[in-house]
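# Reading the structure
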Amino acid sequence: QVQLVESGGGLVQPGGSLRPSCAASGSIFRVNSMFWYRQAPGNQRELVAGITSGGSTNYADSVKGRFTISRDNAKNTVYLQMNSLKPEDTAVYLCNAIVDQRFGPRRDYWGQGTQVTVSS
């Protein structure tokens, strides 16, 4: 079994910054692509950013130039540096990872989510 644990959300004023992280642990052979999604109340879950094991990245248009996704492969951890935050960035941020397990098939896992609130 594999677990994803997020941390680093919180309350921040507009224009501020946060850097949530997500660590994968358990029966892991290799962590492939990792993603950050977000979901605000009443809205569908949307992809924010993704990063491959080789470091290639992609971003939603709404966060380009403000958010940066990165990872530490040795720690099986992904980060999301969020700058110039806006009230519309308020959401639960969820981590997703495609994992090659030691004793099982490749599958994706989700974290429990971390709340990000941007408000004055």
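Below: a short report on this structure.

### Section: the sheet that holds strand 3 (residues 21-26)
The strand order 1-3-8-7 describes an open sheet built from four strands, whose pairing is antiparallel. Strands with a single pairing partner mark the edges of an open sheet, and in this sheet they are strand 1 (2-7) and strand 7 (67-72). The mean angle between the axes of side-by-side strands here comes to 15°, regardless of whether they run parallel or antiparallel. With six bridges joining them, strand 1 and strand 3 adopt antiparallel strand pairing. Paired with Val 2 across the bridge in strand 3 is Gly 26.

### A few points about the nonpolar core
Core analysis: the largest hydrophobic core is formed by 30 residues, its most contacted members being Trp 36, Val 48, Phe 67, Val 78, Leu 80, Met 82 and Tyr 93. Counting only elements with at least two residues in this core, the list comes to strand 1, strand 3, strand 4 (28-39), strand 5 (46-51), strand 7, strand 8 (77-82), strand 9 (91-101) and strand 11 (114-118). Here this core takes five residues from strand 9, the largest share from any one element. Discounting residues that sit within four places of it in the chain, Met 82 has contacts with Gly 16, Ser 17, Leu 18, Pro 20, Arg 66, Phe 67, Tyr 93 and Val 116.

The rules behind the values
- Residues numbered from 1 in each chain as written.
- Predicted model: local features only at pLDDT ≥ 70, side-chain atom pairs only at ≥ 80, totals over all residues.
- Heavy atoms only, no water.
- Pairing = 2+ DSSP bridges.
- Helix = DSSP H or I, 4+ residues; strand = E, 2+ residues; numbered from the N terminus.
- Axes fitted to C-alpha atoms, helices over the stretch in contact; angles between N-to-C directions.
- Core = buried A, V, L, I, M, F, W, Y, C linked by side-chain atoms within 4.5 Å.
- Buried < 20%, exposed > 50% of the residue type's maximum accessible area, 1.4 Å probe, protein only.
- Contact = heavy atoms within 4.5 Å.

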